[in-house]
Structures are given as C-alpha cells and as structure tokens.
Amino acid sequence: MNEVQCISTLLRESTRDRIVKVSEMDETILSLLREKGQAHLIEHAEMLSPEEQQAFEKSLTSIDWGFFDEIAASDADDEDVSGELSESVVLDLSDRAPSLSDAGEQAYKDGQVAVVMVAGGQGSRLGYSGPKGCYSIGAVSNKSVYQYHAEKVLALSRRYQKAVPFLIMTSAATHAETKSFFESHEMFGLESEQVSFFQQGMVPTLDDQGKVLLSSKTSLMCNPDGHGGCFTALVREGLLERLKRDGYKHLVYLQVDNILGPVFDPDLIGYAIQESADVITKVVEKTKPEEKVGLLVRRDGKDQILEYIHLTETQNQERAEDGRLRYRWGNTAMHYWSIDYLWDSHASGYHLPFHKSRKAVSAYADLENKGTGGNKSVEGIKHERFIFDLLPRAGVSLGMEISRELEFAPLKNAEGADSVETVHELTDGLYRSWLQAAGASTDELTRIEVSPLLATSQSEFLETWPKRTEKLQGEVYLD
Ligand code: UTP
C-alpha cells in the first residue's frame, strides 16, 4: 500500500463523525486535499516514514475540511465599510433607573440567568505558557484568574441559593489544563454539575496562498476559531438547547481576561427585560479620537462593532451637539444575550463569518524537500469568528454604558497597558474606594484585595464591612 492509499484507508475505516463526512465528501483524502487546494500536504506525506505518517494522518483527520467551503462562501469583507453611519442607542450611566435593578434581581432569583465565559484564546501577548485563567492575578492573595471568576459565580449562587450555570469555553490550546485546574481546586467551591467546559473549534492556519501550514513535521497548524466560536460550540455541544429547555432566558457573556467583569448585573438583565433586547453590549466612553478601540455604531440602521480604523478621519473627530464624540462607545466585549435570540439565530441556519488576521507563527518548513526541515517564523493567516457579528441581525440591539473603574480590568500584555500591573492598580483602586465609602482609612494600606466571596460591588461591601473593626495596614486581603 502506498502512503496516500494508507491515509485514505485509515480515513474510510475511521468511525468518527467528522471523518465519515470527509469520506462522504470525496472518495479519498488524495482528491479531497487536491480539491481543497492542499496537494502540498500529499507531497509532504509521501516523504514521511510510516510512523510519522501515522501521526500526520491523525492530524489530517482532525480537521473539518468543510472549513474551506465556508471561507470560500462567507469570508467577512472587513474592507467593506460602506453604508451610512449613525449612533447606536446606548443607555448612559446617568440614566439608569432603579426599577431596572429590581426586574434584573427577580430574573436571578427565578433562576433565569446563566453565565458564559470565553477562555479559548492563545494569550500570546501575555507570554504565559498556560491558559490565561490559570495565571495568578490576585494582588495580595495570588489567586488565579479562574478562581476570581469562579468565586463571583459562587457568591451569586449563594446569594439566591441557585446553582447558576457557569459555561466555560476552552479550546484545544486550553481545555485539558483548564479542566484539571478546576478539578484540582475542587471547582473552587462550585458544584461540578453547574460548571460546563465546552471546546470551541480549531481551524487550519494558512499561508498567504491559502495553503495549510505545518506546526511540526507531522502536524498541521491550527488556531482556535475566535470568540465567535462560542456561538457555534454552544449549539454543537447541546448547551444552548439545554439552557433553553431548563428555562434559562438570559446569558451574561464575558471574557476570561477581564478580571472585574461582573456576573451579577441586575441593571443589565433588567434593561434587557424592559427593552426585550436580543443583545446588549456594555460600552465605555471614548474621550479622545485617537483611542484605539472597537466602537458600537449603527451602519445602515444596524448595530455593529466597527474597528476605529474603519471610521474616516472626519467620523473619528466628529462631535455631537453636547461636545462629546459622536461615535464614542468603546466595546468592552461584555454582552447580554437573549437565549431565545441565540437559539433563533441557530434555528435559522445562521453561521458567523470568518475574519482573517495575519500573525507571525513558527511553521515547519520542509527545507530540502526530503522530509527533513525545521521551524521558521512565517506570516500565518488566522481565520476567526467574532461573537459581535451576531449584532447586526438582532431585532433589538442596545448599548449600556458602564464605569471602567468598576467593571473593566483587562489582562492582555506582560507589561505596559492592560498588564498585570494595571490590573493590580485597578483592583486596588476599586477596593480602596469601597473601604473609603465605608468610612475606613486607607492611608496605611499598601495593597488591598477583596474576595468576591465577601463582596462583588460596593453596596454588597457596605452591607458587610460595618461589622468589621480591625485597623488595616500593609497588604490586606479581605475574605
Ligand atoms: P483576545 O483577542 O485578547 O486573544 O481574546 P487572546 O488569544 O486571549 O490573546 P492574544 O491576542 O493571543 O494575546 C479575547 C477573549 O476572547 C477569548 C480569549 O480567551 C479572551 O477571553 N478567545 C479569543 C477565545 O475564547 N477563543 C478565541 O479563539 C479567541
């Protein structure tokens, strides 16, 4: 049997769903790869030893080759920024009515709210080898990012005596470590049934000719399919259906790397109920035209997130009558989703498009064309889906202004902006303000951290703190 026959036999013999689909699409991997413009992989396979081939075959069969049809049919056209721009409807911080929070609280009490957190990213900018969630971020406690979020969900579950579903999206890059991290920490006190780990898809990383790159001699290079993979994976894993069946109506969506992203947000849920919203995007005000942030805007009457580079200079500078920037609402990547809306989008057959980005990657190159080679840095093309592509098709999409200091502490980089240092400054500043509101002196405090199990907001803190009397100095962790 030659190498190519060996691959195709293996594919046909396999019983995995995806592979069956592959062989249904075409007789052999040979023609499949040719059809998808990937004949270079056949040439590569022919140069491998039988053992290497086996490993390579495994990698080939892990790919959903339908990806190529999808990108051919529905690649997002990021360059198309035509259409009339207008402002989105955004609830300003100063306009939040107290009645919102009552309606929102009732939904939490009634067990209608679930939380989804996306944690499948590769976190390359942070330069940490494990999943970002395992990173120790507690300024005093050293607790991990995952513990921080899990304790917020635990505090919420205790508050209403309801095990709030906590859905964590991982990827091949983060799944095993995330799961074992939670398990080895006894789920941080959560019930194991309330936590669901679900994996997003992986898609091939391409070169600029559209050919799949290799990450090693025997494996194809893949990347997670973007935070939008969350929608696809929630459906594929049956989680969306389960939430709907179990009577959940509202989904709070956050990214693992926003340490302060709240899971208990009665104003958000209340606003969604009041307006029958499909989606709400939490936004912060951009005050300088040059601030590089994706913006919530309307294009041809439909909400969408537009990268600042896609606004013209005039649009970027344009001011409203009150002197504020006309297009000023910066996306924080925190959303409310109506579960019915997500379900209807799925039921109507909607697929999120892929966007391309170019990144330096370390790819295996068969330098001498004899099966020997090594890795070198090349420009790879990653395809990713963005969750906010679900905005334009929503019947009711709104924005809600939040206070950066209270809810937004992103961890992206090893140093500089959005780094460990800025997260520590932001959490310290927030907890200090709670203490000051409670009348405590913070002069002798060098660092302060409050456990989400003690309080997740100033009002919760004020309910608890007056009962405490100790003098605070140095580094303090309140739990
Ligand atoms: P980022 O866009 O910041 O990407 O993700 P990243 O992978 O975490 O970091 P870099 O760019 O490699 O440094 C924003 C959020 O979306 C999640 C991330 O885990 C993070 O919470 N995400 C991103 C996914 O869950 N899957 C993806 O495919 C991409």
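Quick note: structure is the one above.
Calculation notes
- Residues numbered from 1 in each chain as written.
- Predicted model: local features only at pLDDT ≥ 70, side-chain atom pairs only at ≥ 80, totals over all residues.
- Heavy atoms only, no water.
- Near = heavy atom within 4 Å.
- Polar contact = N/O pair within 3.5 Å; in protein donor to acceptor, adjacent residues only side chain to side chain.
- Areas by Shrake-Rupley, 256 points an atom, 1.4 Å probe, with all protein chains shown as cover.
- Nonpolar A, V, L, I, M, F, W, Y, C, P; charged D, E, K, R; others polar.
- Phe/Tyr/Trp six-rings, centres within 6.5 Å; stacked < 30°, edge-to-face > 60°.
- Helix = DSSP H or I, 4+ residues; strand = E, 2+ residues; numbered from the N terminus.
- Buried < 20%, exposed > 50% of the residue type's maximum accessible area, 1.4 Å probe, protein only.
- Axes fitted to C-alpha atoms, helices over the stretch in contact; angles between N-to-C directions.
- Parallel < 35°, antiparallel > 145°, perpendicular 65-115°, else oblique.
- Contact = heavy atoms within 4.5 Å.

*Asks:* Describe in detail the site of the ligand, supporting the description with residues and values.
*Replies:* By nearness alone, 19 residues border the ligand, and G120, S124, R125, Q200 and K412 come closest of all. In the environment of the ligand, an oxygen atom lies 2.8 Å from a nitrogen or oxygen atom belonging to the backbone of Q122. Alone, the ligand offers 560 Å² of accessible surface; in the complex the protein occludes 89% of this. The residue makeup of the shell around the ligand, split by class, is 5 nonpolar, 9 polar and 5 charged.

*Asks:* Please set out the packing of aromatic side chains residue by residue, giving values where relevant.
*Replies:* The tally for this structure, following the rule as stated, stands at 17 aromatic pairs. Ring centres of Y431 and W434 lie 5.1 Å apart, and the angle between their planes is 70°; this geometry places the pair in the edge-to-face category. With Y431 and W434 both in helix α16 (residues 420-437), this residue pair falls 3 residues apart, about one helical turn. A relative accessible area of 2% means that Y431 is categorised as buried. Using a relative accessible area of 3% as the deciding quantity, one classes W434 as buried. Between F461 and W465 the ring centres are 5.5 Å apart and the planes differ by 10°, which places this aromatic pair in the stacked class. Taken as a pair, F461 and W465 share a single burial class, namely buried.

*Asks:* Describe the packing of helix α7 (residues 98-109) against helix α12 (residues 266-275), with residues and values.
*Replies:* In the contact formed by α7 and α12, the axes pass within 6 Å of each other and the chain directions differ by 95°. It follows from the interaxial angle that α7 and α12 lie roughly perpendicular. Contact residues: α7 offers L100, S101, A103, G104, E105, A107 and Y108, while α12 offers P266, D267, I269, G270, Y271, I273 and Q274. Looking at the contact of α7 with α12 residue by residue, the classes come out as 8 nonpolar, 4 polar and 2 charged.

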